[in-house]
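Each chain is listed here by its residues.
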Amino acid sequence: MIGILNINKPKGITSFDVVAAVKKTLGTKAVGHFGTLDPMGEGVLPIGVGKATRLFDIMLKKDKIYEATFKFGYCTDTLDSEGQTVVCGGRIPCLSEITDTANELIGRQLQRPPAYSAKNINGRRAYELARQGKEVELAPCDVEIYAIKAETTGSADTFKFTIHCSSGTYIRSVCRDLAEKLGTYAVMTSIKRLRCGAFDIKDSVTLQELSSLKENALLKVDAALTEIPKVTLCDDCYEYLLKGLKMQGRGISYERFALYCKNELFGIAKINENDKIDIISYLRD
């Protein structure tokens, strides 16, 4: 069994809970998610099944689109509504202020991850240290925000945002940074991932739907490789590839590519120092 699931994760459970549910439903242990969503988060959570789990590094680098709500006027230790309030009384900005200031966040930047995050510090998760009251200092990460749009929600202190960003971007940090630029405080009160790479929420399936569809919900591995160059070898190479023999790769200039033969995906490959094709992630079922 090999493929990718576009799961619509519900709020209130962890990404690992989703993985456990998929394992039970499909009856396989080879399952892994491509990018954590916090328990309060919902939306697109791509899941690799079988050899598709080998695409972890590729999927983590995909850009994402989120829909989130920020509530202004106070801040918590976790930067979201589930944390402990640490400061309150901040002013409530208007939509035009928020829009103008949000535009200043567009582009590449060094972003400070939240102290309550899954970042690793000497073998410990940052949130574990933060919960123990220990000082957490995380190095800024290079991220990029491609677009950010703010809308009213009907509540004077809460606004909805649609954010298109690079992998590694923390939306809670976007909330904090925006509020700081506005001279106030804010927390993230909800977050939904609308897209992860080529996977869109409109094409996703719930865990309940998966229990009925089972293997029929699996997408071909190709669905995750839309942004990777494709190289197809002639049919005569098929038996050589099956035997694991390295084929000549002269003329292929791509750093990394999806290797096909006879319309079958063999895996992700690169050219080695001897101008031979190395399959670095074998994906043929």
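Not measured: the values here are computed from a predicted model.

A. Expanded view of the sheet that holds strand β16 (residues 264-271). Pairing within the open sheet is mixed, and its four strands lie in the order β14-β15-β16-β17. Edge positions in the sheet fall to β14 (230-233) and β17 (277-282), since each of these pairs with one other strand and no more. Across the sheet, the axes of successive neighbouring strands diverge by a mean angle of 45 degrees, strand direction being ignored. Two strands pair when backbone bridges link them, and β16 and β17 are joined in this way by five bridges, in the antiparallel orientation. Its bridge partner being in β17, Ile268 is matched across the sheet by Ser281.

B. Expanded view of the pattern of salt bridges. This structure, assessed with the given rule, holds eleven salt bridges. Its salt-bridge partner being Glu97, residue Arg91 comes within 2.8 Å of it at the nearest N-O pair. Judged by relative accessible area, which is 28%, Glu97 ranks as partly exposed. Lys202 serves as the salt-bridge partner of Asp200, at 3.8 Å between the closest nitrogen and oxygen.

C. Representation of the packing of aromatic side chains in the model. With the rule as written, the count across this model stands at four aromatic pairs. With a centroid separation of 5.8 Å and 80 degrees between ring planes, the pair formed by Tyr238 and Phe266 is classed as edge-to-face. One end of the pair, Tyr238, is in helix α7 (residues 238-242); the other, Phe266, is in strand β16, and 28 residues separate them in sequence. Accessibility expressed as a relative area gives 0% for Phe266, which makes it buried. Arranged with centres 6.4 Å apart and planes meeting at 75 degrees, the rings of Phe266 and Tyr282 form a pair that is edge-to-face. Residue Phe266 is found in strand β16, and its partner Tyr282 is found in strand β17; the two are separated by 16 residues along the sequence. For Tyr282, a relative accessible area of 28% translates into the label partly exposed. An aromatic cluster is built from Tyr238, Phe266 and Tyr282, whose rings are joined through pairwise contacts. When the ring centre of Tyr260 is taken as reference, the NZ or CZ atom of Lys230 above it lies at 4.4 Å.

D. Region of the structure containing the state of the cysteines. Summed over the entire model, instances satisfying the criterion amount to zero disulfides. Cys165 carries a free sulfur, and the closest cysteine sulfur to it, the one in Cys196, is 10 Å from it. Cys237 forms no disulfide, and the closest cysteine sulfur to it belongs to Cys234, at a distance of 3.5 Å. With a relative accessible area of 11%, Cys237 lands in the buried category.

E. Representation of unusual backbone geometry in the model. A positive phi angle is found at Lys262, which is not glycine, with a value near 55 degrees. Backbone geometry at Asp275 places phi at a positive 60 degrees, although glycine is not the residue there. Asp275 gets classed as partly exposed once you look at its relative accessible area, which sits at 34%.

F. Summary view of helix α1 (residues 15-26). For α1, with twelve residues, the first-to-last C-alpha span of 17 Å sits near the 16 Å given by 1.5 Å per residue. Restricting attention to buried positions, one finds in α1 the residues Ser15, Val18, Val19, Val22 and Leu26. The arc that holds every buried residue of α1, seen down its axis, measures 100 degrees, which confines them to one face. Counted as exposed and oriented over 90 degrees from the buried face of α1: Phe16 and Lys24.

G. View of helix α3 (residues 95-103). Every buried residue of α3 is listed here: Ile98, Thr101 and Ala102. For α3, the angular spread of the buried residues around the axis is 100 degrees, confining them to a single face. Against the buried residues of α3 lie β4 (64-72), β10 (141-152), β11 (158-165) and α5 (171-181).

Parameters at a glance
Residues numbered from 1 in each chain as written. Predicted model: local features only at pLDDT ≥ 70, side-chain atom pairs only at ≥ 80, totals over all residues. Heavy atoms only, no water. Pairing = 2+ DSSP bridges. Helix = DSSP H or I, 4+ residues; strand = E, 2+ residues; numbered from the N terminus. Axes fitted to C-alpha atoms, helices over the stretch in contact; angles between N-to-C directions. Salt bridge = Lys/Arg side-chain N within 4 Å of Asp/Glu carboxyl O. Buried < 20%, exposed > 50% of the residue type's maximum accessible area, 1.4 Å probe, protein only. Phe/Tyr/Trp six-rings, centres within 6.5 Å; stacked < 30°, edge-to-face > 60°. Lys NZ or Arg CZ within 6 Å of the ring centre and 35° of its normal. Disulfide = S-S within 2.5 Å. Expected span 1.5 Å × (residues − 1). Arc of directions from axis to C-beta. Contact = heavy atoms within 4.5 Å.

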